[in-house]
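Residue-level structure breakdown
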Amino acid sequence: MKLLIQDWKDGLIDGVEVQMINEVRPTGDYFDWRPSDIVTKFATNEISGGLVEGRFKPIEYDEVEYHIDAEVFYFVSGEGVMLFCDLREGEAVPESYVMLRVKAGMQISVSPGKAHFVPISTNRSEPVKAAVVSPKMEALMVPLKERAEA
C-alpha cells in the first residue's frame with residue numbers, strides 16, 4: 001500500500017499529540033528553555049527513557065508496535081518518517097495508516113494502544129534522533145497484512 005508522507009496538522013492522527021517546541025525562553029546567562037505544553041499521563045510512576053536513532057532506508061514498514069502505556073518522543077536532530085495506525089481486534093487497520101514527517105523540535109505523545117514504529121531517516125547522511133520517555137514495557141508487535149510504503 002502506497003502512502004503519502006504528511007506534515008502534522010491538528011486532528012491528523014487520533015491518539016497522537018504533536019507540538020513543535022520552538023519558543024525559546026531565555027532564562028539564564030548560559031541556557032535557554034524550550035517549554036512544551038503537552039502533558040502525558042502514564043499508568044505507572046516507573047518511568048524510563050532512551051534514545052532512538054533511525055537511519056536511512058527505503059520508507060516501508062512490514063510491522064508496527066504498540067504499548068500498554070503512553071510513550072513520548074522528543075526529536076532532537078534530523079528528519080524522518082513514522083508510521084501510525086489504529087488496531088482492531090489485534091490487527092492493523094489499513095484505512096488508518098498515516099506516514100508522518102517528523103523533525104527536530106517536534107514532540108510526539110503516543111497514547112496507549114496506538115500502533116506506530118521507529119522513524120526512518122529521509123536523509124542518507126544524517127539519522128533522525130529522538131529521546132524517548134516511557135515506562136519500562138513490552139513492545140507488542142503486529143505484522144501488517146500489506147507493506148506500507150511512501
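Up top you'll find the structure we're talking about.
These lines cover the structure that appears in this document, whether it is placed above or below. (Residues numbered from 1 in each chain as written. Predicted model: local features only at pLDDT ≥ 70, side-chain atom pairs only at ≥ 80, totals over all residues. Heavy atoms only, no water.)

**As for the pattern of salt bridges**
Our working definition: Any Lys or Arg side-chain nitrogen found within 4 Å of a carboxyl oxygen on Asp or Glu counts as a salt bridge. Helix numbering and strand numbering both begin at the N terminus, where a helix is a DSSP run of H or I of at least 4 residues and a strand a DSSP run of E of at least 2. Exposure classes here rest on a 1.4 Å probe applied to the protein chains alone. A residue is buried below 20% of its type maximum, exposed above 50%, and partly exposed in between.
Taken as a whole and judged by the stated rule, the model has 8 salt bridges. Glu149 serves as the salt-bridge partner of Lys2, at 3.6 Å between the closest nitrogen and oxygen. Residue Lys2 is found in the segment before β1 (5-6), and its partner Glu149 is found in strand β16 (residues 140-149); the two are separated by 147 residues along the sequence. Across the pair Lys114 and Asp86 runs a salt bridge whose closest N-O atoms are separated by 2.4 Å. With Lys114 in the loop between β12 (106-110) and β13 (115-116) and Asp86 in the loop between β8 (79-85) and β9 (87-88), this residue pair connects regions lying 28 residues apart in the sequence. For Lys114, a relative accessible area of 6% puts it in the buried group. Among the ionic contacts, a cluster of salt bridges with common partners joins Asp7, Glu79 and Arg101.

**Remarks on the pairing of β12**
What counts, and what does not: The criterion for strand pairing is that DSSP finds at least two bridges linking the strands in question.
Counting buried positions along β12 yields 5 of 5 residues, so the element is predominantly enclosed. Across the two faces of β12 the burial is the same, with Met106, Ile108 and Val110 and Gln107 and Ser109 all buried. Pairing geometry for strand β2 (residues 16-20) and β12, over 5 bridges, is antiparallel. Directly across from Met20, in β12, lies its bridge partner Met106. Sheet topology note: the strand β7 (residues 71-77)/β12 ladder contains 4 bridges and is antiparallel.

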